[in-house]
Amino acid sequence: MAAPICVLGIETSCDETAAAVLRRAPDGTVTILSETVHSQIDEHAPYGGVVPEIAARAHADIADAVVAKTLQDSGIELADLDAIAATSGPGLIGGVMVGMMTGKAMALAADKPFVPINHLEGHALSPRLADPCPFPYLLLLVSGGHCQFISVTGLGQYQRLGSTIDDAAGEAFDKLAKTLGIGFPGGPAVERMAAKGDAKRFALPRPLLNRSGLDMSFAGLKTAAARVVEAEALDAQGEADLCASFQAAIAECLAEKTRRALSAFAEEQSGEIRLVVAGGVAANQMIRSALNQVAEAAGASLIAPPLRHCTDNAAMIALAGAERLAAGMVSDEGLAFSARPRWPLDEERAKSAPAYGGGKRGAKA
Ligand code: KG4
Ligand code: ZN
């Protein structure tokens, strides 16, 4: 009989230094034994965005302490772990390398398998931390670095159905917040302001909404909002109205594209249709309720991981490692894996039809 699997996960790809230890039973039930997320928000806030060099140094300063504390909290000895998994891309490469090298060193010292994990796979599997959420499902991953629809049909089986062709939705929220000087990260700040604003005040564009297909674009919307700030001397109410108009535009774009994505997904799959929404922007209540309506209208169920697992965390990385180990998808090559700043989930599609990014560094999606 298969035994439960215990994995330590490490996440350092952006601005959270995170570690988690979890146990996954053969039936897929997950118990998180310990979890730490150390946010660097205060260090980046003065710059209105994540500064890669500051992030890398902050990860290097604290990663070992975060991992040691998490392991201690779990009550599991290093020798009793079945594997160590760490985000090995995509992300800010300095940070990725800190987490990956920490994981590799521990794996080497304890003679355990090292499992390099794609951060996006972590998000893709995150609903399975709390919910059985069987395959297949449609994933809308909407964060500060990514905005894409992925058909998830099994572990390691990810098909990109659509993607932003420029900025991620979270990036657009962050940019507006920076322009208005209302705080970082921008999403929650814009959401708070939007609650007091009139969403009809400013007619902002809905990029690509009139075009067929599942690709999205937020750069034009971001620029349009910045123009409003430049052109009008906005008072506090004006800023709130702009935030509300901006949030409504993003919610409408995401909802309409999700409606289409669900319909394309349903054509390919039989049985119950599940929509999973993950990534930091999924924390936005207006966006959540818009997606809920779309799912209901399509007869699909909406699954959103709890907030702390929507944003970057290491439990999802540990889970990806545990699922890979259980499925016999872990090789001896883990220690030889090189960190990847770009690592699309659907590599075939990224090569044959890159949605954005390119050149020597390769496509982002
Ligand atoms: O998934 P995440 O923690 O990190 C990655 O980008 O991988 O997502 C962070 C992003 C930021 O852009 C942040 O502004 C956005 O998620 N975000 C939100 C909200 N909370 C976080 N956007 C809109 N509304 C929110 N409440
Ligand atoms: Zn993320």
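Residues numbered from 1 in each chain as written. Chains lettered and ligands numbered in written order. Predicted model: local features only at pLDDT ≥ 70, side-chain atom pairs only at ≥ 80, totals over all residues. Heavy atoms only, no water.

S.K.: How should I be thinking about the coordination of the zinc ion (ligand 2) in this particular structure?
M.R.: Around a metal, the ideal angle is 109.5 degrees if four donors adopt a tetrahedral arrangement and 90 or 180 degrees if six donors adopt an octahedral arrangement. In the first shell of the zinc ion (ligand 2), the protein supplies His-119 (NE2), His-123 (NE2) and Asp-312 (OD), at 2.1 to 2.2 Å from the metal. Considering all four donor atoms around the zinc ion (ligand 2), angles at the metal cover 93 to 141 degrees and the coordination shape is irregular. Coordination of the zinc ion (ligand 2) draws on donor residues from a single chain, spaced H-x3-H-x188-D in sequence. Remark: His-123 and His-119 occur in helix α4 (residues 119–125); sequence separation between them is four residues, near one turn of the helix. Side by side, His-119 and His-123 carry an identical accessibility label, which is buried. (Donors = N, O, S within 2.8 Å, 3.2 Å for Na, K, Ca; no water. Tetrahedral: all angles 85-135°; square planar, octahedral: opposite > 155°, others 65-115°. Helix = DSSP H or I, 4+ residues; strand = E, 2+ residues; numbered from the N terminus. Buried < 20%, exposed > 50% of the residue type's maximum accessible area, 1.4 Å probe, protein only.)

S.K.: Where do I start with the pairing of strand β3 (residues 30–39) in this structure?
M.R.: Regular strands have side chains that alternate between both faces of the sheet. Pairing between strand β2 (residues 16–24) and β3: nine bridges, direction antiparallel. Note that in β3 the partner of Thr-17 across the bridge is His-38. Between the antiparallel neighbours β2 and β3 lie five residues, among them Gly-28 with a positive phi of about 95 degrees. (Pairing = 2+ DSSP bridges.)

S.K.: How should I be thinking about the layout of surface pockets in this particular structure?
M.R.: Gaps left between atoms are located by rolling a probe of water-molecule size over the structure's atoms. The computed volume of the second largest pocket comes to approximately 290 Å³. Forming the walls of the second largest pocket are 17 residues, and the residues nearest its centre are Pro-116, Glu-121, Arg-324, Met-329 and Trp-343. Within the residue set of the lining of the second largest pocket, elements represented by two or more residues are β5 (114–118) and β8 (157–163). Per-element tally for the lining of the second largest pocket: the top contributor is β5, with four residues. (1 Å grid on protein atoms, 1.4 Å probe; cavity = no way out; pocket = protein on both sides within 12 Å on 5 of 7 lines; lining within 4 Å. Points joined across faces, edges and corners; volume = space filled by probe spheres on them.)

S.K.: I'm lost on the domain arrangement of the chain in this one. Help?
M.R.: Size of an interface, as often reported, equals the accessible area lost when the parts are brought together. Taken domain by domain, the chain comprises domain 1 (5–128 + 309–361) and domain 2 (135–304). Domain 1 and domain 2 are separated by 25 Å when their C-alpha centres are compared. Taken together, the contact pairs 31 residues of domain 1 with 29 residues of domain 2. Between domain 1 and domain 2, roughly 2,400 Å² of surface is buried when both sides are summed, and carbon and sulfur atoms account for 65% of that area. (Domains from an automatic or database assignment. Contact = heavy atoms within 4.5 Å. Buried area = accessible area lost by both parts, 1.4 Å probe.)

S.K.: Is there a simple way to think about unusual backbone geometry in this case?
M.R.: Most of the time, phi is negative for any residue but glycine, and the peptide bond is trans. Looking along the chain, the bond that leaves Gly-89 and enters Pro-90 is cis, with omega of -15 degrees. When you line up the elements, Pro-90 lands in the loop between β4 (83–89) and α3 (93–110). Of note, the amide linkage connecting Phe-184 to Pro-185 takes the cis form, showing an omega dihedral of 0 degrees. Counting through the fold element by element, Pro-185 comes out in the loop between α5 (169–180) and α6 (186–194).

S.K.: Hey, could you run me through the side chain of Thr-70 in this one?
M.R.: As for its position among the elements, Thr-70 is in helix α2 (residues 52–74). A distance of 2.6 Å separates a polar atom in the side chain of Thr-70 from a polar atom in the side chain of Thr-36. Each residue touching Thr-70, except ones within four places of it in the same chain, is listed here: Ala-19, Ala-20, Val-21, Ser-34, Glu-35 and Thr-36. (Polar contact = N/O pair within 3.5 Å; in protein donor to acceptor, adjacent residues only side chain to side chain.)

S.K.: Quick question: what am I supposed to make of the side chain of Glu-16 here?
M.R.: Mapping Glu-16 onto the fold places it in strand β2. There is no salt bridge for the buried Glu-16, and the closest opposite charge comes from Arg-308, which lies 12 Å off by N-O distance. Those residues in contact with Glu-16 that sit more than four places away from it in its chain are Glu-11, Val-37, His-38, Ser-39, His-59 and Asp-312. (Lys, Arg positive; Asp, Glu negative; His and termini not counted. Salt bridge = Lys/Arg side-chain N within 4 Å of Asp/Glu carboxyl O.)

S.K.: I'm lost on the pattern of salt bridges in this one. Help?
M.R.: In this structure the tally under the stated criterion is twelve salt bridges. Between Glu-252 and Arg-206 there is a salt bridge, with its nearest N and O atoms 3.0 Å apart. With Glu-252 in helix α8 (residues 236–268) and Arg-206 in the loop between α6 and α7 (219–231), this residue pair connects regions lying 46 residues apart in the sequence. For Arg-206, a relative accessible area of 25% translates into the label partly exposed. One salt bridge connects Glu-256 with Arg-260, and the closest N-O pair in it is separated by 2.9 Å. Here Arg-260 and Glu-256 lie together in helix α8, a separation of four residues that amounts to about one turn. We classify Arg-260 as buried; its relative accessible area is 19%.

S.K.: Looking at this structure, how should I read the site of ligand 1?
M.R.: Around ligand 1, the structure places 21 residues, and the nearest of them are Gly-144, Asp-174, Gly-187, Glu-191 and Gly-280. Contact between ligand 1 and Ser-143: an oxygen atom at 3.5 Å from a side-chain N or O atom of the residue. Take Gly-170: an N or O atom from its main chain is 3.1 Å from an oxygen atom of ligand 1. For ligand 1, whose free accessible area comes to 550 Å², the fraction covered by protein is 90%. Where the shell around ligand 1 is concerned, the elements lending two or more residues are α4, α5 and α6. By residue number, the principal contributor to the shell around ligand 1 is α6, which donates four residues. Its residues assigned to classes, the shell around ligand 1 comprises six nonpolar, twelve polar and three charged. In terms of domain composition, the shell around ligand 1 takes at least three residues from each of domain 1 (5–128 + 309–361) and domain 2 (135–304). (Near = heavy atom within 4 Å. Areas by Shrake-Rupley, 256 points an atom, 1.4 Å probe, with all protein chains shown as cover. Nonpolar A, V, L, I, M, F, W, Y, C, P; charged D, E, K, R; others polar.)

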